[in-house]
Amino acid sequence: MTTKERVLALLEAHRGEHFSGAQLAASLGVSRNAVWKAVTELRAAGCRIDAATNRGYCYAAENDLLSVQGILPLLSETARPLAAHLQVFPELASTNQTAKELALAGAAHGTAVIAERQTQGRGRYMRSFCSPPGGLYISMILHPDRLNFAHITTVTALAGAAVCEAVEAVSGKKPGIKWVNDVFLDGKKICGILTEAVTDIESGTLGWLVLGIGINVTTRTEDFPPDLREIAGSVFGEDVPGSRNRLAAELLNRIPGCVPAPAEAEVIGRYRSRLMMLGRQVTVVQSDGTEYSAAALDIDEAGHLIVETAAGERRVLSSGEIRIRMQES
Ligand code: BTN
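Cut-offs applied
- Residues numbered from 1 in each chain as written.
- Predicted model: local features only at pLDDT ≥ 70, side-chain atom pairs only at ≥ 80, totals over all residues.
- Heavy atoms only, no water.
- Helix = DSSP H or I, 4+ residues; strand = E, 2+ residues; numbered from the N terminus.
- Buried < 20%, exposed > 50% of the residue type's maximum accessible area, 1.4 Å probe, protein only.
- Contact = heavy atoms within 4.5 Å.
- Areas by Shrake-Rupley, 256 points an atom, 1.4 Å probe, with all protein chains shown as cover.
- Domains from an automatic or database assignment.
- Buried area = accessible area lost by both parts, 1.4 Å probe.
- Salt bridge = Lys/Arg side-chain N within 4 Å of Asp/Glu carboxyl O.
- Nonpolar A, V, L, I, M, F, W, Y, C, P; charged D, E, K, R; others polar.
- Near = heavy atom within 4 Å.
- Polar contact = N/O pair within 3.5 Å; in protein donor to acceptor, adjacent residues only side chain to side chain.
- Arc of directions from axis to C-beta.

S.K.: Explain the overall build of the protein chain to me, using residue names and the numbers behind them.
M.R.: Assigned secondary structure in the protein chain consists of eight helices and 15 strands. Viewed in the frame of its principal axes, the protein chain has a C-alpha envelope of about 80 × 45 × 30 Å. When each of the 329 residues of the protein chain is scored for burial, the buried share is 50%. Taking contacts inside the protein chain between residues at least 6 apart in sequence as the whole, the part at least 24 apart equals 61%. Total accessible area on the protein chain is roughly 15,400 Å²; 51% of this is exposed by carbon and sulfur atoms.

Right under this line is the structure:
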């Protein structure tokens, strides 16, 4: 760890407490000048570190910067080794893109890339994903042999369930999932999930997956472009210090940090319990643009949606082929 990272770790662990430069220097075994330099760098990165005469430095309680040091103490015992493979950036084009590059270079299962904001966030169907400050943008590299799922689609179900559980753990609010993987709170989308995979062409096996999750955490309505304000929501909609570090840790604990990986049937059960549409009428939009009305009955063991048409025909839908709109109840 650099001196800057060690100073941040110490201050993060003692929010609101004062430390003189000499105290920090002594406990870290570095010079006072090195502490001063680290504090200057941290302030430049957006940390609010107050300095009072005779009392020293104080990491303001309202800091809400994402950092490895802020996440590490919140990781479970099994997830803690992931901290060595965790990278946090103020800004990236796309965390999925950076994670893919790391995966191609041989990065380990559980390597995670986090950004405060993205300039070219990617969504499903080649759409862009609006990524203003106040969100948590995280991509995790997952190796299929560490997940132990017969159906690779279960990864998507695990991600959806984990997001809902993590949001609930941090905020006490109960989000739901619109199949296949949009997370909603109070009627607005608060999270999108994009899973990208690379197949080993020679063996035909799955090499690795990049699981990208974007959650609007403290994002304010005015931070979204006007055309999204009616449909995009945020967990808190205002600053809640430390909430994004807590959320990141809750996700890492539940996805790559869960050792051994949870059983597939258990994951599907957790996902099903969060689905908002079961038992309701939905509109199924097919890839050629045609639509039909159906009742959403259940999901199967691979996370496919089972619907029944007005003519009583049961169909098993896979997310790549169709989209679903919920009808007013
Ligand atoms: C969607 O709703 O269409 C999926 C959006 C997925 C967005 C996340 S944010 C983190 C990761 N990096 C990206 O560029 N995309 C995913």
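S.K.: Which residues make up the domain arrangement of the protein chain, and what values do they have?
M.R.: By the assigned domains, the protein chain splits into domain 1 (3–59), domain 2 (68–272) and domain 3 (281–326). Its C-alpha centre places domain 2 at a distance of 25 Å from the equivalent point of domain 3. With 13 residues of domain 2 at the interface, the matching set in domain 3 holds 15 residues. On the domain 2 side of the contact with domain 3, Tyr-125, Lys-178 and Trp-179 bury the most area, a combined 51% of that side's loss. The tally of links between domain 2 and domain 3 comes to one salt bridge. Between Arg-272 and Asp-298 there is a salt bridge, and its shortest N-O distance comes to 2.8 Å. When residues in the side of domain 2 that touches domain 3 are grouped by element, the largest group, four residues, is from helix α8 (residues 264–272). Class assignment for the residues of the side of domain 2 that touches domain 3 results in five nonpolar, three polar and five charged.

S.K.: Could you give me a rundown of the pattern of salt bridges, with the residues and numbers involved?
M.R.: One pass over the structure, following the stated rule, counts 20 salt bridges. Where Lys-100 meets Glu-196, a salt bridge forms, and the shortest distance between an N and an O atom there is 3.2 Å. Note that Lys-100 is positioned in helix α5 (residues 95–104) and Glu-196 in strand β9 (residues 188–200), a separation of 96 residues in sequence. Judged by relative accessible area, which is 16%, Glu-196 ranks as buried. Salt bridges linked by common partners bring Glu-165, Glu-250, Arg-254, Glu-266 and Arg-270 together as one network.

S.K.: Quick rundown of the site of the ligand? Include the residues and the values.
M.R.: Taken together, 20 residues are adjacent to the ligand, and Ser-94, Thr-95, Arg-122, Arg-124 and Lys-189 come closest. Side-chain polar atom of Lys-189 to an oxygen atom of the ligand: 2.6 Å apart, as the coordinates give it. The protein chains hide 97% of the 420 Å² of surface that the ligand would expose on its own. Those elements that place two or more of their residues in the shell around the ligand are α5, β6 (135–142), β9 and β10 (205–216). The element best represented in the shell around the ligand is β9, accounting for four residues. Among the residues making up the shell around the ligand, the classes are represented as six nonpolar, 10 polar and four charged.

S.K.: Quick rundown of the side chain of Arg-244? Include the residues and the values.
M.R.: Here Arg-244 shows up in helix α7 (residues 243–254). Leaving out residues up to four positions away in the same chain, Arg-244 has contacts with Asp-64, Leu-65, Leu-66, Glu-116, Gly-134, Gly-135, Leu-136, Val-217 and Thr-218.

S.K.: Requested: an account of α5, with residues and values cited.
M.R.: Within α5, burial applies to Thr-95, Asn-96, Thr-98, Ala-99 and Ala-103. For α5, the buried positions fall inside an angular range of 160° around the axis, keeping them on one side. Where α5 is buried, its residues touch β4 (86–92), β5 (112–118), β6, β9 and β10. Near the N-terminus of α5, the side chain that reaches the backbone nitrogen of Asn-96, with its oxygen 3.2 Å away, is that of Ser-94. Downstream of α5 by one or two residues, Gly-106 has phi in the positive range, about 95°.

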